[in-house]
Amino acid sequence: MGDLTDLATRVLAAARAKGLRLGTVESCTGGLIAGALTEIAGSSDVVEGGIVTYSNDLKMLLVGVPAETLAAHGAVSAQTAAAMVGGLLARVPTVDLAVAVTGIAGPGGGSAEKPVGLVYLACQRRGNAVQVERQIFPGDRAGIRRATVNRALQMLLEPLET
């Protein structure tokens, strides 16, 4: 994991220093963000947990993404990413800072409007506005997922270092 391990270590140290607990909601990464964080010994004092919501049904059931949001914008959208992170914070009061990702890792499933590599990331600290990013990551499925984990960890780190 290399650079991801270094980045995850920085996220954990910064969250620990601020006394904050972290959570993830993942679709296209299938738990890799939580995995990168929990691969590091001692992470349990900072990581509350992660939820993999690969299907629309679980996006609705576990984190409360409105059916109307999915119908209007699709699973891969800024609106869905924001609803995923907001839903986790609403349902799990012990999470202080959360990140959510939804995207198309490929190799299939893309379209002209939503190509393979399109990922929406949302990060929110409790009580603050949600930050949403649209990225198009190049590469194959593994590369897209790795780039998504990298950017998600960076997004978690940003509010911790301010």
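Just above sits the structure.
Let us look at the structure shown here. Given the structure is predicted, the values throughout are model-derived calculations rather than measurements. (Residues numbered from 1 in each chain as written. Predicted model: local features only at pLDDT ≥ 70, side-chain atom pairs only at ≥ 80, totals over all residues. Heavy atoms only, no water.)

Observations regarding the overall build of the protein chain
- Check the secondary structure of the protein chain and you find six helices and five strands.
- Walking the protein chain from its N terminus toward its C terminus, one meets helices and strands in the order α-β-α-β-α-α-α-β-β-β-α.
- Relative to its length of 162 residues, the protein chain is compact, with a C-alpha radius of gyration of 15 Å against a globular reference of 15 Å.
- Sequence separation of 24 or more characterises 64% of the internal contacts of the protein chain that already satisfy a separation of 6 or more.
- Within the structure as shown, the protein chain displays about 7,100 Å² of accessible surface, and the carbon and sulfur contribution to it stands at 55%. (Helix = DSSP H or I, 4+ residues; strand = E, 2+ residues; numbered from the N terminus. Rg over C-alpha atoms; globule rule 2.2 N^0.38 Å. Contact = heavy atoms within 4.5 Å. Areas by Shrake-Rupley, 256 points an atom, 1.4 Å probe, with all protein chains shown as cover.)

A closer look at the pattern of salt bridges
- Evaluated as defined, the whole model comprises six salt bridges.
- Arg 146 is the partner of Asp 3 in a salt bridge, and the nearest nitrogen-oxygen pair spans 2.7 Å. Within this pair, whereas Asp 3 is found in helix H1 (residues 3–18), its partner Arg 146 is found in helix H6 (residues 141–160), the two being separated by 143 residues in sequence.
- On the basis of relative accessible area, Asp 3 is assigned to the partly exposed category, the value being 44%.
- With relative accessibility at 37%, the residue Arg 146 sits in the partly exposed group.
- Residues Asp 45 and Arg 16 are paired through a salt bridge, measuring 2.8 Å at the closest nitrogen-oxygen approach. (Salt bridge = Lys/Arg side-chain N within 4 Å of Asp/Glu carboxyl O. Buried < 20%, exposed > 50% of the residue type's maximum accessible area, 1.4 Å probe, protein only.)

Let's talk about the environment of Gly 30
- Mapped onto the elements, Gly 30 comes out in the loop between strand S1 (22–26) and helix H2 (32–38).
- When the C-alpha atoms of Gly 30 and Gly 109 are compared, they prove to be 16 Å apart, with 79 residues separating the residues in sequence.
- In this structure, Gly 30 is in contact with Val 52 and Arg 145, ignoring residues within four places of it in sequence.

Structural notes on the sheet that holds strand S5 (residues 131–136)
- With respect to topology, five strands assemble into an open sheet ordered S2-S1-S3-S4-S5, the strand pairing being mixed. Sheet topology places strand S2 (47–52) and S5 at the edges, where each strand pairs with a single neighbour. Between one strand axis and the next, the sheet turns through 15 degrees on average, direction left out of account.
- Packed onto the sheet, H6 meets S1, strand S3 (97–103), strand S4 (118–125) and S5 and runs at close to 20 degrees relative to S4. (Pairing = 2+ DSSP bridges. Axes fitted to C-alpha atoms, helices over the stretch in contact; angles between N-to-C directions.)

Some thoughts on the state of the cysteines
- For the coordinates displayed, the defined rule picks out zero disulfides.
- The thiol of Cys 28 is not disulfide-bonded; the next cysteine sulfur, from Cys 123, is found 15 Å away. (Disulfide = S-S within 2.5 Å.)

What about the nonpolar core?
- If you look at the biggest cluster of nonpolar residues, it comprises 32 residues, and the most contacted ones within it are Val 11, Leu 22, Leu 37, Leu 153 and Leu 156.
- For this core, the secondary-structure elements that each account for two or more residues are H1, H2, S3, S4 and H6.
- In this structure Leu 156 touches Val 11, Leu 22, Leu 37, Leu 97, Ala 98, Val 99 and Cys 123, once residues within four positions along its chain are discounted.
- In terms of nonpolar packing, the next biggest core, distinct from the first, is built from 18 residues, Val 76, Val 85, Leu 89 and Leu 118 among them. (Core = buried A, V, L, I, M, F, W, Y, C linked by side-chain atoms within 4.5 Å.)

Considering the pairing of S5
- One ladder, built from six bridges, connects S4 with S5; its direction is antiparallel. Counterpart to Cys 123 in the pairing with S5 is Gln 131.
- Adjacent in sequence and paired antiparallel, S4 and S5 are bridged by five residues, among which Gly 127 carries a positive phi angle near 85 degrees.

A few points about H1
- Compared with an ideal rise of 1.5 Å per residue, which puts 16 residues at 22 Å, H1 spans 23 Å between its outermost C-alpha atoms and is within 8% of the ideal.
- Looking at the buried residues of H1, the elements they touch are S1, H2, S2 and H6. (Expected span 1.5 Å × (residues − 1).)

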